Amino acid sequence: MRRTTSVAVAAVTTLACVLGLGACAQIPTSGPVRVGTADQDPQADLALLPQGPTPGAEPNLIVEGFLRTAVAAPTSPKEYQTAREFLTEGAAETWDPYASVRVVREPPMPDPFEAGTTIEGAETLEVGVRATTIATLDTAGAYTEAADPRKVGYKFTLTKVGDEWRISVLDNGVLVPANLFATQFRATRLYFSAEGEDTNSLVPDLRWFPRNSWRLDAVEELLAGPPEWLQGAARSLFPEGTQLASPTIQEADGDEPVAVRLSEQISSATAAQRSSIAAQISATFSEGAGRTVPVDLFSGTSRLAVDAVNVKLPATIVQAMFLKDDQLYRIEEDGRPVEHDLPVDLSEIDPTALAVSPATTPIVVRDGTDRIVNVSADGEDRPAIEGPDLAAPSVDKFGNIWTSGGKNDLRVLPPSGTEVTVRAEWLSGRKVLSVSVSPEGSRIAVVSHAPSGTQVQVAGIVRNDDDVPVGLASPLTVAGPVDGVGEARWSGLTTLSLLTRDGDGVSGVWTAGVGGQPGGGGQSRQLPGLTDVQQLAAGVTDQGMLVVTEDGDLEHEETGVWQPLIEDVDLVAYPG
């Protein structure tokens, strides 16, 4: 959305109850019933028809009509042309709807005039609108939840133009009610190439673009390169200076490729780079399409030769494991427990957390809270990290074992056995509670605590040539309004599962989007019915989330319902 004007949307009242989603759940015939949840992303394009001001309308109706009309812009070919009809000529020229999008909880309505206010004979009036902002969308389409949603007032100044009231002063940007947000903006994952030798390993970054121009906006943001929170972890393969050569990108019919026309700089990319670039754009366009969308690259009007390549999206490819009576088990795809073929001796260990490498080994266990041991290593001299208050470990695909290192840094034990410290100034003064590395190894989710409360942040991982982490990028804050988070695990390409606990010890399980959640208003959502969870495990896999209750029951979600799977389980973990 890096255009002179970028997209935004305003509130509407008459459409607030038009759109809704329903879900059906299969009720089990035995065991306790818990209501589950599924991540839905309705990608249907809904075109709304904007209408201009009614002749002779009073000031509050002009404001209401402006708010109602602007909501149609992201799906209407007229974009904001009709909305500007509610403005004076000067305001229409200077108002920038793309400067800010504020997602609001309720459809904002004009406040009633104060008693004694006289409209007749007035030349200028103020109309107030109040709304609770729950999230913001910046000009690059990046979504951020408000940590402390609160009702904010907005003022519209109206002036008589001839016999008609028009808005002469208003804030840049617009308001969009949460229940309409996903119908006007399309959740779109951009795919950047991970740093390293493998250019076809892709890192996703979720953005929100207006539905009438989302392909164009997506390519513009790919050209702009990875965001700040992925700097050093992902990269752009486009030659410097490459721009779009066409103001539109049209959807192709059937299986025809989508033509992406770029400036002449794209011709300087190598054949391998062009193939990877086309694959990145194809992966971005294929999101929610139900099919693979092929892409043709053009340098101006010349079609470029592009070979097909296989890209790698983040995925948890090893089965979940659990610990029961000091024995390690795998969970088969059909839910059956199978003893792990690796002998693990836990006789001298007090297991309090389990982590498994995406490459099968190492398998590590936290011993109490002050030691993390590689239990899959041969011999008695097992590699270990020792220290007070260690966070539950995470093992990345390169075999690096991650945990907390006190305030201000993380501790990592690489396969070489030489421990390294990864410093992050944004953790200064905070106690790390949880770390979780994404399946592709480019991102880390960190839960930390300070007297001001807990915080969930995601940052890119900077590695050296041996894939050992050496630093973290600036963080992206996730799940701002969720309190009491103690644990975060990757449960989707851009989704985290969170385990919370309130002051009375009651647990909660939430899902939160890194850049918002597809569907709805992008907000974090609590899963109902889960109040006795001791531990959760999640992965980027169709097997879904697993939880261990305080009674030791391992449960999983099936067709939207939580069902018991295995009893008397101590620990559970997906790889990562």
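Here we summarise the structure given alongside this text.

What counts, and where the lines are drawn
Numbering of residues starts from 1 in each chain and follows the order in which that chain's sequence is written. The predicted nature of this model means local features are confined to residues of pLDDT at least 70 and side-chain atom pairs, given and counted, to a pLDDT of 80 or more, with totals for whole chains, interfaces and linings taken over all residues. No hydrogens and no water enter the side-chain calculation; it runs on all heavy atoms of the structure. Secondary structure elements are defined from DSSP: runs of H or I of at least 4 residues count as helices, runs of E of at least 2 residues count as strands, and each element is numbered from the N terminus. By definition, a salt bridge exists where a carboxyl oxygen of Asp or Glu is found within 4 Å of a side-chain nitrogen of Lys or Arg. Using a 1.4 Å probe on the protein chains alone, a residue whose accessible area is under 20% of its type maximum counts as buried, one over 50% counts as exposed, and one in between counts as partly exposed. Whether two strands pair comes down to DSSP finding at least two bridges between them. A 1.4 Å probe that fits but cannot get out identifies a cavity on a 1 Å grid over protein atoms alone, an open set with protein on both sides within 12 Å along at least five of seven lines counts as a pocket, and a residue lines either if it has an atom within 4 Å of a point. Grid points are joined across faces, edges and corners, and a volume is the space filled by probe spheres set on the points. Residue polarity is assigned by list, with Asp, Glu, Lys and Arg as charged and Ala, Val, Leu, Ile, Met, Phe, Trp, Tyr, Cys and Pro as nonpolar; anything else, Gly included, falls into the polar class. Two N or O atoms form a polar contact when they lie within 3.5 Å of each other; inside protein one atom must be a possible hydrogen donor and the other a possible acceptor, and for residues adjacent in sequence the pair counts only when both atoms belong to side chains. Convention adopted: a line fitted to C-alpha atoms gives each axis, helices being fitted over their contacting stretch, and angles between N-to-C directions are expressed from 0 to 180 degrees. If you view the pair so one helix is near and one far, a crossing is left-handed when the near helix is turned anticlockwise from the far one by less than a right angle, and right-handed when it is turned clockwise. Contacts are assigned to residue pairs with any non-hydrogen atoms lying within 4.5 Å of each other.

Our next topic: unusual backbone geometry. Excluding glycine, a negative phi dihedral is what most residues carry, and trans is how most peptide bonds are arranged. Across the junction of threonine 361 and proline 362, the peptide omega takes the value 10 degrees, indicating a cis bond. Following the sequence through the fold, proline 362 ends up in the loop between β16 (351-356) and β17 (363-367). Although it is not a glycine, aspartate 568 adopts a positive phi angle of roughly 55 degrees. Relative to the elements of secondary structure, aspartate 568 occurs in the loop between β36 (561-566) and β37 (571-573).

We now examine the pattern of salt bridges. For the structure on display, the rule yields 17 salt bridges. Two residues, arginine 150 and aspartate 148, come together in a salt bridge whose shortest N-O distance is 2.3 Å. On the basis of relative accessibility, which here comes to 47%, the residue aspartate 148 falls in the partly exposed class. A salt bridge links aspartate 296 to arginine 303, with the shortest nitrogen-to-oxygen separation between them at 3.3 Å. Residue arginine 303 is classed as exposed on the basis of its relative accessible area, which comes to 55%. Linked through salt bridges whose partners overlap, the residues forming this network are Asp205, Arg207 and Glu221.

Moving on: the pairing of strand β35 (residues 554-558). As defined by bridge partners, strand β34 (residues 546-549) adjoins β35 across three bridges and the pair is classed as antiparallel. Opposite valine 547, over in β35, you have glutamate 555 as the bridge partner. Joining the antiparallel neighbours β34 and β35 is a turn of four residues, in which glycine 552 adopts a positive phi near 90 degrees. As defined by bridge partners, β35 adjoins β36 across five bridges and the pair is classed as antiparallel. Bridge pairing in β36 links leucine 554 to isoleucine 566.

With that out of the way, let us pick up empty space enclosed by the protein. Counted by the stated rule, this structure contains three cavities of 30 Å³ or more. Within this model, the largest cavity holds a volume of roughly 110 Å³. What lines the largest cavity is a set of 12 residues, among which Arg102, Phe156, Asp171, Gly173 and Leu175 lie closest to the centre. With three residues, strand β4 (residues 143-161) is the largest single contributor of residues to the lining of the largest cavity. Its residues assigned to classes, the lining of the largest cavity comprises eight nonpolar, one polar and three charged. Computed from the structure, the second largest cavity encloses a volume of approximately 50 Å³.

Moving on, we get to the environment of asparagine 464. You can see asparagine 464 is positioned in the loop between β26 (453-463) and β27 (469-472). With 268 residues separating them along the chain, asparagine 464 and glycine 196 place their C-alpha atoms 8.9 Å apart. Here the side chain of asparagine 464 touches aspartate 466 through a polar contact of 2.9 Å, landing on its backbone nitrogen.

Helix packing geometry: the angle between the two helix axes and the distance between the axes. Interaxial distance between helix α4 (residues 214-224) and helix α5 (residues 271-286) falls to 11 Å at its minimum, and their mutual angle equals 140 degrees. As for the relative orientation of α4 and α5, their crossing is right-handed in sense. Touching Trp214, Arg215, Ala218, Val219 and Leu222 of α4 are Ile281, Thr284 and Phe285, all from α5. Counted by class, the contact of α4 with α5 contains six nonpolar, one polar and one charged residues.

One open sheet accounts for four strands, arranged β16-β17-β18-β19; its pairing is antiparallel. Both edges of this open sheet fall to β16 and β19 (384-386), since each of them pairs with a single strand only. With direction set aside, neighbouring strand axes in the sheet form an average angle of 15 degrees. Bridge count between β17 and strand β18 (residues 371-374): four bridges; the pairing is antiparallel. Opposite valine 365, over in β18, you have valine 373 as the bridge partner.

Within the element layout of this structure, arginine 211 appears in the loop between β8 (202-210) and α4. Accessibility expressed as a relative area gives 6% for arginine 211, which makes it buried. There is a polar contact of 2.7 Å between the side chain of arginine 211 and the backbone oxygen of alanine 182. Side-chain polar atoms of arginine 211 contact the backbone oxygen of threonine 183, separated by 3.2 Å.

Without other data, these values stay purely geometric and don't point to any function.
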